[in-house]
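# Descriptive analysis of the structure
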Amino acid sequence: MLDIKIEKTNNPKELPGADNPLKFGTIFTDHMFLMNYETNKGWHNPRVVPYQPLQLEPSAMVFHYGQEMFEGLKAYKTQDGRTLLFRPDKNIERANRTNRRICIPEIPEEDFLQAIKTVVKVDEAWVPTKEGTSLYIRPFIIATDPFLGVRPSDTYLFIIILSPVGAYYPEGLNPVKIWIEDEYVRAVRGGIGEAKTGGNYVASLKSQVKAHEAGYSQVLWLDGVERKYVEEVGAMNIFFKIDGKVITPELNGSILPGVTRDSVIALCKDWGIPTEERRISIDEIYEAYQSGALEEVFGTGTAAVISPVGQLRWDEHIMQVKDGGIGPLSQKLYDTITGIQLGRVEDRFNWTVEV
Ligand SMILES: *Cc1c(COP(=O)(O)O)cnc(C)c1O
């Protein structure tokens, strides 16, 4: 058990009103969690303090060589007033997998969960209650040694900030247009693609800008070697429903192992839908599209939960997925997962954890 000191703010902010759209990632709560690491002391000084700017040396290693990791999960308010986390154990397990990959010291799982629960409890009044809203939780770790050399840092800062967020699609599920990237790549096997770290995102910006300029909201990445096999979308994993089967790329080392991905696979299998994790080429998808077998495409991630794909653009080819609307499986998955998160659908898998 961590002995977490709590220092409450003297100047609480005004809570966002019920009509505030809570644009993703723009509003932060009154408090944050901090914990330090030093080689000889381990993780120490866990505390909740008022949300405020950090003071860091300009030479802090994170600014130069990118040694940082992050996670993303949400807390939800149920109708009877409880605050639920969705599968935090999966995020914590993944956080330590990321840590191992980029030489950041691991955080004991029970301490990590205690830190999340404690700071969410302090700012529980910030968990919004309106349909589709939630409190986004962003744990992250940065390397803080003041040193311009390449090696793992000896000191780190673990931080958790909280942000109330609105419904990702205020008008309900909304199909997105996706640009299939065949020039740049995001990650290669053996690299850091399966770690949740900022470096993967900076590698993706150029394509994202290109796709936006062409009128597409996200990029679908192909494998970094042959540019042939589908990997994932921006900050989402990707699923295809072809001829009654659900197919998603296998976790091959360059794909981020999403918690939502894992939940979708579990539900589809539970519903008796044939579900495959395997390599899938873009040619196979194009053929399925041409023969009329491509029934649904959707992305999965904590932010949007399920994001139906209405159109895929691959070079000269534009694939309109069915009528460009929301497929029945996408809708059922969305309703079931958000239902479990909000305590409205029976949690048969024991996925929710009360704060
Ligand atoms: C976080 C993330 C996802 C989605 O993971 P979830 O755990 O479902 O939120 C997918 N791809 C990338 C690159 C990510 O960073």
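Only a predicted model underlies this, so the values are computations on that prediction, with no experimental measurement involved.

## Topic: the overall build of the chain
A tally of regular secondary structure across the chain gives eight helices and 18 strands. Against the 2.2 N^0.38 benchmark of 20 Å for 355 residues, the chain shows a C-alpha radius of gyration of 21 Å, consistent with a compact globule. The principal-axis extent of the C-alpha atoms belonging to the chain is close to 60 × 50 × 35 Å. Counting over 355 residues, the chain shows a buried share of 54%. Contacts in the chain between residues far apart in sequence, at least 24 positions, make up 70% of those at least 6 positions apart. Carbon together with sulfur atoms contributes 49% to the accessible area of the chain, which is approximately 16300 Å² in total. Across the chain, 39 positive and 49 negative side-chain charges occur, with their mean positions spaced 1 Å apart.

## Things to note about the pairing of strand β8 (residues 155-165)
Among the eleven residues that make up β8, ten are buried, leaving the element largely enclosed by the rest of the structure. Strand direction decides the pairing type here: strand β7 (residues 134-143) and β8, joined by ten bridges, are antiparallel. Looking across to β8, one finds that Ile141 is bridged to Phe158.

## Considerations on the packing of aromatic side chains
For the structure on display, the rule yields 14 aromatic pairs. Linked through ring pairs, Phe33, Tyr37, Trp43, Phe112, Tyr156 and Phe158 together constitute an aromatic cluster. The lysine or arginine in question, Lys332, covers the ring of Trp271, its NZ or CZ lying 4.1 Å from the ring centre.

## Here we look at the nonpolar core
In this structure, Phe33, Ile116, Ile137, Phe158 and Ile160 are the most contacted members of the largest nonpolar core, which totals 35 residues. Contributions of two or more residues to this core are made by β2 (31-38), β3 (42-50), β5 (73-77), α2 (88-101), α3 (109-122), β7 and β8. A total of five residues in this core trace back to one element, the largest contributor, which is α3. In this view, Phe33 contacts Leu2, Ile4, Pro46, Arg47, Val48, Ala115, Val119, Phe158, Ile159 and Ile160; residues no more than four positions away in its chain are not counted. By size, the runner-up hydrophobic cluster in this structure holds 28 residues, among which are Leu222, Val230, Ile280 and Ala288.

Rules of the game
- Residues numbered from 1 in each chain as written.
- Predicted model: local features only at pLDDT ≥ 70, side-chain atom pairs only at ≥ 80, totals over all residues.
- Heavy atoms only, no water.
- Helix = DSSP H or I, 4+ residues; strand = E, 2+ residues; numbered from the N terminus.
- Rg over C-alpha atoms; globule rule 2.2 N^0.38 Å.
- Buried < 20%, exposed > 50% of the residue type's maximum accessible area, 1.4 Å probe, protein only.
- Contact = heavy atoms within 4.5 Å.
- Areas by Shrake-Rupley, 256 points an atom, 1.4 Å probe, with all protein chains shown as cover.
- Lys, Arg positive; Asp, Glu negative; His and termini not counted.
- Charge placed at Lys NZ, Arg CZ, Asp CG, Glu CD.
- Pairing = 2+ DSSP bridges.
- Phe/Tyr/Trp six-rings, centres within 6.5 Å; stacked < 30°, edge-to-face > 60°.
- Lys NZ or Arg CZ within 6 Å of the ring centre and 35° of its normal.
- Core = buried A, V, L, I, M, F, W, Y, C linked by side-chain atoms within 4.5 Å.

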